[in-house]
Amino acid sequence: MNFVQPIRDAYLLEEIKDYLLRSSDKYGVRNRMMFVFGINSGLRIQDILKLRVRDVQGDHIIMIEMKTRKKKFLKITPVLKRELKQYTEGRAGNEFLFQSRQGYNRPISREMAYKILRKAASEFDLVDIGTHTMRKTWAYHLYQKTKDLTLVQKMLNHSSDDYTLRYIGMDQDRMDAAMDNFGL
């Protein structure tokens, strides 16, 4: 498995959203929404892709996580709720949220989600980017906003503070800052 990084720059996140929207005439809206959903929910890609329209119509997403088999109650943020309302307008509840063009009512594959994000990463000369980048980006920005490591750790289902700090890239940020201020 490759190690991926969060996207730390909020302006760059907006640029990526715009790029995804305009990069594919028919599927740009879907691709942008997948990215917006990922960076605003913190869910793993396999959990995102199995969601249907009906799963995101309330105030919470209630699901069993595929990796942990734990039940998850995730409040939908106001930003994500607004985006989802527009994205799902007129769609049937049983439709997969992120439809594939391969067959009737099938979600895109993890591989396709990866290709979509890698294409965007290439456009912006980003390295260490994959589908898990969305989850790490969400966690990084949640920590930056709240400064509550315990909350982020709990929401990620991590067992230690140290692991969470490494996961969201804070160890790297601290090491980089130390080197910025170092010199003999």
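This text goes with the structure placed above it.
Please read all numbers here as calculations on a predicted model, not as lab measurements.

A. Expanded view of a nonpolar patch on the surface. A surface patch of nonpolar side chains, about 450 Å² in accessible area, is lined by Met-179, Phe-182 and Leu-184. Within the fold, Phe-182 resides in the segment after helix H9 (170-180). With relative accessibility at 52%, the residue Phe-182 sits in the exposed group.

B. Spatial organisation of the packing of helix H2 (residues 28-41) against helix H5 (residues 110-123). The geometry of H2 relative to H5 is characterised by a closest axis approach of 11 Å and an angle of 90° between their N-to-C directions. One way to sum up the angle between H2 and H5 is to call them roughly perpendicular. For the pair formed by H2 and H5, the contact residues are Arg-30, Asn-31, Met-34 and Phe-35 on the first element and Ala-113, Ile-116 and Leu-117 on the second.

C. Region of interest: the layout of surface pockets. Considering only enclosed or pocket space, the second largest pocket measures out at about 460 Å³ in volume. Lining the second largest pocket are 19 residues, and of these Ile-39, Asn-40, Trp-138, His-141 and Leu-142 lie nearest its centre. Those elements giving two or more residues to the lining of the second largest pocket turn out to be helix H1 (10-22), H2, strand E2 (71-75), helix H6 (132-146) and helix H7 (149-156). Per element, the largest residue contribution to the lining of the second largest pocket is six residues, and it comes from H6. Its residues placed into classes, the lining of the second largest pocket shows nine nonpolar, six polar and four charged.

D. Representation of empty space enclosed by the protein in the model. Across all of its chains, the model carries one cavity of 30 Å³ or more by this definition. The computed volume of the largest cavity comes to approximately 50 Å³. Ile-7, Ile-16, Phe-35, Leu-117, Ala-120, Ala-121, Leu-126, Ile-129, Gly-130, Thr-133 and Met-134 together form the lining of the largest cavity. At the level of secondary structure, the elements contributing two or more residues to the lining of the largest cavity comprise H5 and H6. With three residues, the top contributor of residues to the lining of the largest cavity is H5. The residue makeup of the lining of the largest cavity, split by class, is nine nonpolar, two polar and no charged.

E. Region of interest: the pattern of salt bridges. Taken as a whole and assessed by the stated rule, the structure comprises seven salt bridges. In this structure, Arg-32 and Glu-83 form a salt bridge, with 2.7 Å as the shortest nitrogen-oxygen distance. Of the two residues, Arg-32 sits in helix H2 while Glu-83 sits in helix H4 (residues 78-88), which places them 51 residues apart along the sequence. For the pair Arg-32 and Glu-83, one class covers both residues: buried. Residues joined in a network through salt bridges with shared partners are Arg-44, Glu-65 and Lys-72.

F. Spatial organisation of H7. Taken as a whole, H7 has its buried residues at Leu-149, Val-152, Gln-153 and Leu-156. Buried positions in H7, seen along its axis, are confined to an arc of 100° and lie on one side of it. Set apart from the buried face of H7 by more than 90 degrees, the exposed residues are Thr-150 and Lys-154. Where H7 is buried, its residues touch H6 and helix H8 (161-167). Residue Asp-148 occupies the N-cap position of H7, its side-chain oxygen lying 3.3 Å from the main-chain nitrogen of Thr-150.

What counts and what doesn't
Residues numbered from 1 in each chain as written. Predicted model: local features only at pLDDT ≥ 70, side-chain atom pairs only at ≥ 80, totals over all residues. Heavy atoms only, no water. Patch = residues over 30% accessible without salt bridge, like charges linked within 9 Å, V, L, I, M, F, W, Y side chains within 5 Å. Areas by Shrake-Rupley, 256 points an atom, 1.4 Å probe, with all protein chains shown as cover. Salt bridge = Lys/Arg side-chain N within 4 Å of Asp/Glu carboxyl O. Helix = DSSP H or I, 4+ residues; strand = E, 2+ residues; numbered from the N terminus. Buried < 20%, exposed > 50% of the residue type's maximum accessible area, 1.4 Å probe, protein only. Axes fitted to C-alpha atoms, helices over the stretch in contact; angles between N-to-C directions. Parallel < 35°, antiparallel > 145°, perpendicular 65-115°, else oblique. Contact = heavy atoms within 4.5 Å. 1 Å grid on protein atoms, 1.4 Å probe; cavity = no way out; pocket = protein on both sides within 12 Å on 5 of 7 lines; lining within 4 Å. Points joined across faces, edges and corners; volume = space filled by probe spheres on them. Nonpolar A, V, L, I, M, F, W, Y, C, P; charged D, E, K, R; others polar. Arc of directions from axis to C-beta. Polar contact = N/O pair within 3.5 Å; in protein donor to acceptor, adjacent residues only side chain to side chain.

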